[in-house]
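Here are the chains, one letter per residue:
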Amino acid sequence: WAAAAVGAGGAKAGGLLEMEKAKERERMLEDMARLREGIQTLCQSTNPLARSMDYIQEDLDNMGKELAFWMKDREAQTVLLEEESRKTEHEVEQLVAVLQGVEEEIKEEELRIKDLKGQVLRNDTAIKTMLAAVVRPTNR
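What you see is a predicted model; the values in this text were computed from it and never measured. (Residues numbered from 1 in each chain as written. Predicted model: local features only at pLDDT ≥ 70, side-chain atom pairs only at ≥ 80, totals over all residues. Heavy atoms only, no water.)

**Some points on the overall build of the protein chain**
On a plain count of helices and strands, the protein chain comes out with one helix and zero strands. Within the protein chain, the fraction of its 140 residues that count as buried is 0%. (Helix = DSSP H or I, 4+ residues; strand = E, 2+ residues; numbered from the N terminus. Buried < 20%, exposed > 50% of the residue type's maximum accessible area, 1.4 Å probe, protein only.)

**Here we look at the environment of threonine 129**
When you line up the elements, threonine 129 lands in helix H1 (residues 2-135). There is a polar contact of 2.8 Å between the side chain of threonine 129 and the backbone oxygen of threonine 125. (Polar contact = N/O pair within 3.5 Å; in protein donor to acceptor, adjacent residues only side chain to side chain.)

**A word on the pattern of salt bridges**
The final tally for this structure, using the stated rule, is five salt bridges. Across the salt bridge formed by lysine 87 and glutamate 84, the nearest N and O atoms sit 3.7 Å from each other. Of this pair, lysine 87 and glutamate 84 both sit in helix H1, three residues apart, which is roughly one turn of that helix. For lysine 87, a relative accessible area of 41% translates into the label partly exposed. Here arginine 112 makes a salt bridge to glutamate 109, at a shortest N to O gap of 3.1 Å. You can see arginine 112 and its partner glutamate 109 sitting in helix H1, three residues apart, about one turn around the helix. Note on arginine 112: relative accessible area 44%, which makes it partly exposed. Among the residues examined, glutamate 109 registers a relative accessible area of 38% and is labelled partly exposed. (Salt bridge = Lys/Arg side-chain N within 4 Å of Asp/Glu carboxyl O.)

**Re a negative patch on the surface**
Taken together, the side chains of Asp54, Glu58, Asp59 and Asp61 make up a negatively charged region of the molecular surface. Along the chain, glutamate 58 falls in helix H1. (Patch = residues over 30% accessible without salt bridge, like charges linked within 9 Å, V, L, I, M, F, W, Y side chains within 5 Å. Areas by Shrake-Rupley, 256 points an atom, 1.4 Å probe, with all protein chains shown as cover. Lys, Arg positive; Asp, Glu negative; His and termini not counted. Charge placed at Lys NZ, Arg CZ, Asp CG, Glu CD.)

Written out as structure tokens, the structure reads:
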């Protein structure tokens, strides 16, 4: 009996091991199924991200081209601005010279007018003196 009991206990222990292995396999299969689902979800989530990353590089390239375009345009506009500034400065200098000439002519005319007024006053004085001599009776 002892041998039969050990044999029966061994078979029972072997059956327990088989059951534990089966449970372990079942847990492993469940874990693998969850892992598979997680990987699929991750892949489904990362695909749009990968496409977005492709577009980001394309957008960066486009932005770099646009930046280069605007930098070149800025340089061209700066050159045009400097050229127009020089032209304007030259024209202003010419106008200032004309203005100074006109102001000088105005001063000369004012001096001429003052001289003429002085001449008129002297002439008036001379005429008054002459009229006074004509109107005044002479002592004879």
